[in-house]
Amino acid sequence: MEITLVRGDITEQAVDAIVNAANSSLLGGGGVDGAIHRRGGPQILEECRVLRASRYGGGLPTGQAVATTAGRLPARWVIHTVGPVYARKEDRSSLLASCYTESLKVADELGAATVAFPAVSTGVYGWPMDDGARIALSAVRGASTRVAEARFVLFDATAYAVFDEALTRLTA
Ligand code: ADP
């Protein structure tokens, strides 16, 4: 699998699936989640409501992933995953890694060959970018998947630089 990094907006990626840094309610939020629902239109939220009324009555648990349509977005699917809130006193990194590996599993089930990821948990959920990047890249690199390209979409120059350095370190 090829790991690529781009600076940009995840909602603009023409890939098979984009990953949403959702919250457990699946009913929308800020950051990536807000942008996806705003740009993708009401169909995504409708499918999320159906998921809440069926398989995920209690919400989507942290570290898990589930797919919906991508509405009006260029991608075909949105894979929603719930990152852990960062906590200094508790190591939640396996949950963060799980967001990436579970999303790739869902991508495999869908037959998605190209998947775009945001830096899950590094926004409102407070995860330090360098640690979030290290966990993200090693989880994706270590996963066994049929996905051909995992593209990390970093919103600003700082996040891009941090991911670039973490990737260099990982492949050195
Ligand atoms: P979380 O609640 O998991 O922390 P956020 O959506 O708040 O998720 O932020 C996750 C990361 O995505 C942050 O680094 C944020 O800067 C970045 N981000 C926000 N909007 C976008 C976007 N449209 N495309 C790509 N990345 C984004």
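Residues numbered from 1 in each chain as written. Predicted model: local features only at pLDDT ≥ 70, side-chain atom pairs only at ≥ 80, totals over all residues. Heavy atoms only, no water.

As recorded in an unreviewed UniProt entry, the protein goes by the name O-acetyl-ADP-ribose deacetylase, listed as coming from Sphaerisporangium album.

Chemist: Before we go on, may I ask you to explain the site of the ligand in this structure?
Modeler: Near the ligand, the surroundings consist of 17 residues, among which Asp-9, Val-32, Ser-121, Thr-122 and Gly-123 are the closest. Asp-9 places a side-chain nitrogen or oxygen 2.9 Å from a nitrogen atom of the ligand. Taking Val-124, its main chain carries an N or O atom lying 2.9 Å from an oxygen atom of the ligand. Computed on the free molecule, the ligand has an accessible area of 560 Å², of which 89% lies beneath the protein chains in the complex. (Near = heavy atom within 4 Å. Polar contact = N/O pair within 3.5 Å; in protein donor to acceptor, adjacent residues only side chain to side chain. Areas by Shrake-Rupley, 256 points an atom, 1.4 Å probe, with all protein chains shown as cover.)

Chemist: Could you clarify how one ought to interpret the confidence of the model for the protein in this entry?
Modeler: One rule of thumb: low pLDDT means the predicted coordinates there are not for detailed reading. Across the protein, the average pLDDT comes to 98, with 100% of residues at 70 or higher. The spread of mean pLDDT over the elements of the protein runs between helix α5 (residues 157-171), the lowest at 97, and strand β5 (residues 114-117), the highest at 99. (pLDDT = per-residue confidence, 0-100. Helix = DSSP H or I, 4+ residues; strand = E, 2+ residues; numbered from the N terminus.)

Chemist: I would appreciate a short explanation of unusual backbone geometry in the present structure.
Modeler: Apart from glycine, the bulk of residues carry a negative phi angle, and the bulk of peptide bonds sit in the trans form. Phi is positive for Leu-26, close to 65 degrees, though the residue is something other than glycine. For Leu-26, the location among the structural elements is in the loop between β2 (17-22) and α1 (31-40). Relative accessible area serves as the criterion here: at 2%, Leu-26 is assigned to the buried category. For Ser-121, which is not a glycine, the phi torsion comes out positive at approximately 75 degrees. In this fold, Ser-121 is placed in the loop between β5 and α4 (129-142). (Buried < 20%, exposed > 50% of the residue type's maximum accessible area, 1.4 Å probe, protein only.)

Chemist: Whenever I open this one, the layout of surface pockets confuses me. Can you help?
Modeler: Rolled over the atoms, a probe sized like a water molecule indicates the empty space that remains. Of the voids in this model, the largest pocket is the one considered here, and its volume is about 650 Å³. Looking at the largest pocket, it is lined by 30 residues, and the ones nearest its centre are Ala-21, Gly-31, Val-32, Asp-33 and Gly-123. Elements represented by at least two residues in the lining of the largest pocket include exactly β2, α1 and β6 (149-154). A per-element tally of the lining of the largest pocket places α1 first, with 6 residues. Of the residues assigned to the lining of the largest pocket, the class counts are 15 nonpolar, 10 polar and 5 charged. (1 Å grid on protein atoms, 1.4 Å probe; cavity = no way out; pocket = protein on both sides within 12 Å on 5 of 7 lines; lining within 4 Å. Points joined across faces, edges and corners; volume = space filled by probe spheres on them. Nonpolar A, V, L, I, M, F, W, Y, C, P; charged D, E, K, R; others polar.)

Chemist: Looking at this structure, I do not really get the nonpolar core. What am I missing?
Modeler: For soluble globular proteins, the rule of thumb is that nonpolar side chains tend to be buried together. Membership of the largest hydrophobic core comes to 34 residues, with the highest contact counts inside it found for Tyr-100, Val-115, Phe-117, Val-140, Phe-152 and Phe-163. Within the residue set of this core, elements represented by two or more residues are β1 (2-7), β2, β4 (77-82), α3 (93-110), β5, α4, β6 and α5. Each residue touching Tyr-100, except ones within four places of it in the same chain, is listed here: Phe-117, Pro-118, Ala-119, Val-120, Ala-136, Ala-139, Val-140 and Phe-152. Judged by nonpolar contacts, the second largest core, of 18 residues, contains Ile-44, Cys-48, Leu-51 and Tyr-56. (Core = buried A, V, L, I, M, F, W, Y, C linked by side-chain atoms within 4.5 Å. Contact = heavy atoms within 4.5 Å.)

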